[in-house]
Amino acid sequence: MKQNNVLIIGGGASGLAAAIVAGRAGARVTLLERSDRVGKKLLATGNGRCNLANTGAPVYFGDAAFARAVLAHMPVSQVLRFFEGIGLPTRPDASGRVYPACNQAAAVLDVLRAQLDALGTRVVTQGEARSLRPENGGWRVSSSRGDFQADQVIVCCGGLAAPKLGAADAYPLLTDLGCKLLPPAPALSPLETEKAPLKGLSGLRLPAVLTLCGDGAPAACAQGEVLFADYGVSGVCAMQLARDACHLLRAGKKPVLYIDFSPALGLGSYVMGRQSPAVPGENRATLKRWLDLRRQTLPGDPLLGALPRLLREKLQKTPPAELPGLLCAYPLAVTGVRGFDQAQVTQGGIDTACFDPATMAHRRLSGLHACGEILNVDGDCGGFNLQFAFATGLLAGGHAARAGHQ
Ligand SMILES: Cc1cc2nc3c(=O)[nH]c(=O)nc-3n(C[C@H](O)[C@H](O)[C@H](O)COP(=O)(O)OP(=O)(O)OC[C@H]3O[C@@H](n4cnc5c(N)ncnc54)[C@H](O)[C@@H]3O)c2cc1C
């Protein structure tokens, strides 16, 4: 049986998974990576812990139906079995986020690289693929390290987020072959807001509930830790609203972020336990009741006293009657979303329509595959992006190795 010659472009999460599976299935694998080493971004994921999957219900955007179809063919249990099989035990936390049991992103990269070595995979670094074209029933790839020929090609070049960690515009590799590109934009990125209400708050970090409204109507809600910066707000829960903020800004729908500080005031369990998005008015009534109760039992101004110092100083001059309202719905007009250099993931990308979610193979161009973030799929925080990258890499690697032999 002829051994397939598989070229993988991009040595990130999806490319590494694809290379290992293809090598194990008997293919001769070359991995082409434009940076000086593979897997740079993996080391920075999950704050150095690498949140590599999520056992909960999938939360995807862009072509979410395609993402669900991929995960039907390569469920999270199989992704975790793959890691277990290469020597990386994993563990989910209470919310379903899966991390390596040792909590080290470096361990994830170590086991992936050890597998490449064990399989004798040819890894070509500082090799940027520049064009891709069909030739003699296979593919020719021109790169900064010369030309390569392969029976099967897997494009795993990621999106535009985090250029310092290797992201580069590789979309032309696929658009030149007729694939459609949906405009890429930063997702999971900090929000830029009007500056005056932020004055004095930079550096403040506290739990809150965020409601993003467009033209006064609630559009999205997130809760968790918020970090104030001099340009706006950051932290996972603010970043989760970037996608909706982008859409509202594009539609000219004046986005305003309302920050509900009640979790920082000890009302967290009430707010966190609610099913529906936080409605500022409803929280205001609760906060007022809570405040009345505290006023009966504590001397001075109990409300301000319960706040972190920076917020307390900021609100000191607010008339007492306005305080509950401000603390439940502190308004910040959103003026933008931070760029790709601060984003964790890209929304938009190559249209999934011409790829098969069972194999990641192009439906018309035989021997071509695409995986991971380069596609028009992005996931919520919590491991969904790496899970999609690994799942697509595993599917494509297996298919590319077996193609023509079934
Ligand atoms: C700071 C940070 C933290 C994150 N944390 C998490 C997390 O905890 N959980 C999670 O699920 N997601 C996380 N993400 C998102 C996740 O890392 C990405 O979605 C995922 O890595 C995408 O995998 P990929 O293989 O598609 O692309 P990448 O991992 O980006 O890999 C693409 C590779 O292709 C190379 N390349 C690009 N163009 C070319 C070319 N022309 N020729 C050759 N090589 C090329 C790049 O150098 C890169 O190595 C995080 C992202 C960032 C930036």
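What comes next concerns the included structure. For clarity, every value in this text was computed on a predicted model and none was experimentally measured. (Residues numbered from 1 in each chain as written. Predicted model: local features only at pLDDT ≥ 70, side-chain atom pairs only at ≥ 80, totals over all residues.)

**Considering the site of the ligand**
Residues in contact with the ligand amount to 39 residues; listed here are only the nearest, Gly-10, Gly-12, Gly-158, Gly-166 and Gly-372. Only helix H1 (13-24), helix H2 (40-44) and helix H14 (384-402) provide two or more residues apiece to the shell around the ligand. Take the shell around the ligand: its biggest share by element is four residues, from H14. Split by residue class, the shell around the ligand holds 19 nonpolar, 15 polar and five charged. (Near = placed C-beta within 6 Å. Helix = DSSP H or I, 4+ residues; strand = E, 2+ residues; numbered from the N terminus. Nonpolar A, V, L, I, M, F, W, Y, C, P; charged D, E, K, R; others polar.)

**Notes on helix H3 (residues 64-73)**
All of the buried residues along H3 are Phe-66, Ala-67, Val-70 and Leu-71. The buried residues of H3 occupy an angular sector of 135° when projected down its axis, which confines them to one face. Opposite the packed face of H3, turned more than 90 degrees from it, sit the exposed residues Ala-65 and Ala-72. In the core, the buried residues of H3 are packed alongside strand S4 (60-62), strand S21 (377-379) and H14. (Buried ≥ 20, exposed ≤ 12 C-beta atoms within 10 Å, placed from the backbone. Arc of directions from axis to C-beta. Contact = placed C-beta atoms within 7 Å.)

**Focus on the sheet that holds strand S9 (residues 138-143)**
Strands sit in the order S8-S9-S10 across an open sheet of three strands; the sheet is antiparallel. Two strands close off the open sheet at either side, each with one partner strand: strand S8 (129-135) and strand S10 (146-150). Across this sheet, the average inter-strand angle for adjacent strands is 20°, counted without regard to direction. Relative to S9, S8 runs antiparallel, the two sharing six bridges. Its bridge partner lying in S9, Ala-129 is registered against Ser-143. (Pairing = 2+ DSSP bridges. Axes fitted to C-alpha atoms, helices over the stretch in contact; angles between N-to-C directions.)

**Some remarks on the pairing of S9**
Hairpin remark: S8 followed by S9, antiparallel, with two residues in the connecting loop; positive phi at Asn-136, about 50°. With five bridges joining them, S9 and S10 adopt antiparallel strand pairing. Residue Arg-140 lies in a different strand from S10, and its bridge partner there is Gln-149. Here S9 folds back onto S10 in antiparallel fashion, the turn holding two residues.

**Let's talk about the packing of helix H4 (residues 76-85) against H14**
At a closest axis distance of 10 Å, the pairing of H4 and H14 adopts a crossing angle of 80°. By the angle between their axes, H4 is roughly perpendicular relative to H14. Within the contact between the two elements, H4 uses Val-76, Val-79 and Phe-82 and H14 uses Gln-387, Phe-390, Ala-391 and Leu-394. Among the residues forming the contact of H4 with H14, the class breakdown is six nonpolar, one polar and no charged. (Parallel < 35°, antiparallel > 145°, perpendicular 65-115°, else oblique.)

**Some details on the pairing of strand S17 (residues 255-260)**
Most of S17 sits inside the fold, with six of its six residues counted as buried. Here S17 shows two buried faces, one formed by Pro-255, Leu-257 and Ile-259 and the other by Val-256, Tyr-258 and Asp-260. With six bridges connecting them, strand S14 (residues 205-214) and S17 associate as antiparallel partners. Looking at the pairing, Leu-212 lines up with Leu-257 of S17. Where S17 meets strand S18 (residues 330-337), four bridges bridge the pair, whose relative direction is antiparallel. The partner of Ile-259 across the bridge, within S18, is Tyr-330.

**Focus: unusual backbone geometry**
Of note in the backbone geometry, Asn-103 takes a positive phi value of approximately 60° without being a glycine. Relative to the helices and strands, Asn-103 is located in the loop between strand S6 (97-100) and helix H5 (105-119). A residue is classified by how many C-beta atoms lie within 10 Å of it, and Asn-103, with 13 of them, is partly exposed. At Leu-188, a position not held by glycine, the phi torsion is positive, near 50°.

**Here we look at the environment of Gln-126**
Within the secondary structure, Gln-126 is located in the loop between strand S7 (122-124) and S8. As for Gln-126 and Arg-145, which are separated by 19 residues in sequence, their C-alpha atoms are 7.4 Å apart. Not counting the four nearest positions on each side in its chain, Gln-126 is found in contact with Arg-34, Asp-36 and Arg-145.

**Quick word on H1**
Relative to the 16 Å expected for 12 residues at 1.5 Å per residue, H1 spans 17 Å between its end C-alpha atoms, a close match to the ideal helical length. Of all 12 residues in H1, 11 are buried, a share of seventy percent or more. Among the residues making up H1, those that are buried are Ala-13, Ser-14, Gly-15, Leu-16, Ala-17, Ala-18, Ala-19, Ile-20, Val-21, Ala-22 and Gly-23. Contacts from the buried residues of H1 go to strand S1 (5-9), strand S2 (28-32), H2, H5, strand S11 (152-155) and H14. Gly-26 occupies a position one or two residues after H1 and carries a positive phi of about 100°. (Expected span 1.5 Å × (residues − 1).)

**Concerning the sheet that holds S7**
Ordered in space as S7-S2-S1-S11-S20, the five strands form an open sheet in which the pairing is parallel. Every interior strand has two partners, whereas the edge strands, S7 and strand S20 (368-370), have only one. Going from strand to strand, the sheet's axes swing by 15° on average, the running direction of each strand aside. Pairing between S11 and S20: three bridges, direction parallel. The partner of Val-155 across the bridge, within S20, is Ala-370. Along the sheet, H1 contacts S1, S2 and S11; its crossing angle with S2, the most-contacted strand, is approximately 165°.

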